[in-house]
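Working through the structure, step by step
As a plain string of letters, each chain reads:
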Amino acid sequence: MERSAIRQISGWLWEIPRSYRSDMRVPARFYASEAMLEQILADRSLEQLVNVATLPGIVGFALAMPDIHEGYGFPIGGVAAFDPDAGIISPGGIGYDINCGVRLLATSQPFESVREKIPDLVKEIYRQVPSGVGHGNRITFSSKQLEQILRDGAPRMVAFGYGEPEDLGHIESGGVIDVADPSKVSQYAKQRGGDQLGTLGTGNHFVEIDRIDAIFDQEAAVRMGLFEGQIVIQLHTGSRGLGHQIATDYIRVMNRAMPKYGIEVPDRELACAPFCSPEGQEYFSAMSAGANFAWANRQLITWEIRQAWRAVVGDDPLRVVYDVAHNIAKVETHEIDGHRRQLLVHRKGATRAFVGQPVIIPGSMGTASFVLEGGLASMHESFGSSCHGAGRRMSRTKAKHMVQGSQLRQELEAIGVSVQAGSMQGLAEEASAAYKDIGEVVSTVVSAGIARKVVRLVPVGVMKG
DNA sequence: ATGTCC
C-alpha cells in the first residue's frame, strides 16, 4: 500500500479512510510507531485489513495491532467486531490454529538458586512435552473423554487429574467456552488431533524459561505474584491438528455457502457465513470446541512441565499466572457510541486485554517478553484487545536462507539461553532477525493506553519442536 | 499454524 493512502491520527494510530476503496463499510485503523510504518507497508497486510473492512456487519473499524503482518485472508494482529444479527463469522479471522495462546507459570525460585539446573530443566521439559509436526502423546484419552474435553475444556482436564482447581481461575474465560459442540467437529479432525493433547507442535510454538529482569508496576506485579529475579515459564501452543482440521473443514463449507447468502468477498480466503446462519453457528460451535481443546492442551502441558520441574528442581509448586487466547472469536459486550452492544469479536494474533487483565506478550526467540495489564483505551478503542507478540517481518523461507540453525543455537547458548530443539531448520525460521522489535510493539500499545507494562522477562532456556 | 499437497 502507498504511504499516501494513510492518514496519521496520532503518534501511534493510523487510518485508511473509507474513501480508499468503494467497497469499505468502515475505515481501517492500525496502531504503529512512525518507525514501524515502512515495515508494515512492505507486505500485503494493510490491503488485507482493507478487505476485512468490506465484510458484512463489521462495526467501528477494521483494526490491527503493531505486530500486524500478512496472514490467511485476515492479517495477523487483526481485530474485527461484527453485529451478531447482521454480521458474519469467518475462519480466516481466527486462523488455522484455533485458540493458539500463551500461558505463564510462576515458580517461587529466584534465578540464582536454580541457575545451574536450567540446562537439565530444559532437557527434562523436552522429554516430558512431546513436540514436532504430527506427533502424538503417550498420555491418551478415550473418544468419550475427548468429547468431554471438547465440551468442557481445561476444567475437564483438571477433573481428569491434570492440574489444580485453582489453575482454572487464572485462565481467560476459565478455560472453557460453553457454546462448544463436539458433534460439529468432524471425525477426521478428532482423529487427527485426538492423540495430540499435551503436545507442543512446531513453528513458533515453544516452552521458555525466563527470569524477570525489570518491574515497571510494582503494585500490579505484586498482585500477579511476580518479583524481580523470579524464574517463570511461558508456554505457547494451540489446538494442533484438531483445530487445523476444523478450520479446513469450515472454510470449505463457507466457500460453498456464500452464494446462498449473497455474500461476495474481495479474497477467497475471507470465506465466511452470516453468524446467525446454520453454517455460521456450526462453525462457532466447532471453533469453540477447538478452543476448549487448546486450553485442555495447555493444561496438560502445564502438568508435564510440573513433572519436569519436580524431577529437576523439587516439590516447589508452579502457579498459573494467566492463560490468554490470541486466535479466537467470542461474543462479548462492548460500549459503542455510548450504547452497550453484544458483538462477535474476532481476534487473530491479538490478545484480549480487558482492564486489569494480565496480557502475556512473548518476544521472539532470545529476546525479552513482557507481561502487561489491560488499559482503559482497550475498552474504548480496540474491543478489549492488545497485541500478541513481536510479529513476523521475514518469511520462514527467507529466514532459513539467511540463518544457520546450528549457529543460531550457539549464539543463544553464548548469551546464556539453554536450547533444546527438534529441528535446526525450524530453529532458524524462528530467529529474532525474522521478527519485529518487541520493545517497539509493546511501547506502541502502551502509548495508546491499550495496556500498561508490568514486568519484563529475559530468556534463560527455550524448548522448540 | 499444519501428518507443511488428498
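Counting starts from 1 at the beginning of each chain's written sequence and moves along it residue by residue. All chains are assigned letters beginning with A, and all ligands numbers beginning with 1, in the order in which they are written. Residues qualify for local features only when their pLDDT is at least 70, as the model is predicted, and side-chain atom pairs are given and counted only at 80 or more; totals for whole chains, interfaces and linings, by contrast, use all residues. Think of the side-chain values as coming from all heavy atoms in the structure, minus any hydrogens and water.

- The name given to chain A in an unreviewed UniProt entry is tRNA-splicing ligase RtcB, with the source organism recorded as Chlorobaculum tepidum.
- Per UniProt, chain A has the following entry under Subunit (unreviewed entry): "Monomer." UniProt positions are given in the numbering used here, feature names are shortened, and annotations may be inferred rather than shown by experiment.

1. Regarding the UniProt feature "binding site: Mn(2+) 2" (unreviewed entry) in chain A
- The sites that UniProt annotates as "binding site: Mn(2+) 2" (unreviewed entry) are His236 and His326. What stands out for the annotated residues spanning 91 residues is how close their C-alpha atoms remain, the widest pair being 10.3 Å apart. Set against the largest pocket, the annotated residues named above that line it are His236 and His326.
- Counting from the N terminus, the helices are DSSP H or I runs at least four residues long and the strands are E runs at least two residues long. Mapped onto the secondary structure, histidine 236 falls in strand 9 (residues 230-237).
- Contact between two residues is taken to exist if any of their heavy atoms lie within 4.5 Å; hydrogens are not considered. Sequence-distant contacts of histidine 236, that is, excluding residues within four places in its chain, are made with Cys100, Gly101, Val102, Leu200, Asn204, His205, Phe206 and His326.
- Polar contact is the term for a pair of N or O atoms within 3.5 Å; when the atoms are in protein, one must be able to donate a hydrogen and the other to accept it, and sequence-neighboring residues count only if both atoms are side-chain atoms. For histidine 236, the side chain forms a polar contact with the main-chain oxygen of asparagine 204, separated by 3.0 Å.
- Residue position: histidine 326 is located in the loop between strand 11 (319-325) and strand 12 (327-336).
- For every residue, the accessible area obtained with a 1.4 Å probe (protein chains only) is divided by the maximum for its type, and the residue is called buried under 20%, exposed over 50%, and partly exposed between those limits. Its relative accessible area of 3% is what places histidine 326 among the buried residues.
- The residues touching histidine 326, leaving out its near neighbours within four places in the chain, are Cys100, Gly101, Val102, His236, Arg347, Lys348, Gly349, Ala350, Thr351 and His388. Grid spacing is 1 Å over the protein atoms alone, the probe is 1.4 Å, and a cavity is where that probe fits but cannot get out, while a pocket is an open set with protein on both sides within 12 Å along at least five of seven lines and lining residues have an atom within 4 Å of a point.

2. Examining the packing of helix 8 (residues 240-257) against helix 9 (residues 278-312)
- Every angle, taken between N-to-C directions, lies between 0 and 180 degrees, and every axis is a line fitted to C-alpha atoms, over only the stretch in contact when it is a helix. For the pair helix 8 and helix 9, the least separation of the axes is 9 Å and the interaxial angle reads 170°. Considering the angle they form, helix 8 stands roughly antiparallel to helix 9. Contact residues: helix 8 offers Arg240, Leu242, Ile246, Tyr250, Val253, Met254 and Ala257, while helix 9 offers Glu279, Gly280, Glu282, Tyr283, Ala286, Met287, Gly290, Phe293 and Asn297.
- Asp, Glu, Lys and Arg are counted as charged, while Ala, Val, Leu, Ile, Met, Phe, Trp, Tyr, Cys and Pro are counted as nonpolar; the rest, among them Gly, fall into the polar class. Considering only residue class, the contact of helix 8 with helix 9 consists of ten nonpolar, three polar and three charged. Any angle that is under 35 degrees is reported as roughly parallel, and any over 145 degrees as roughly antiparallel; angles of 65 to 115 degrees are reported as roughly perpendicular and all others as oblique.

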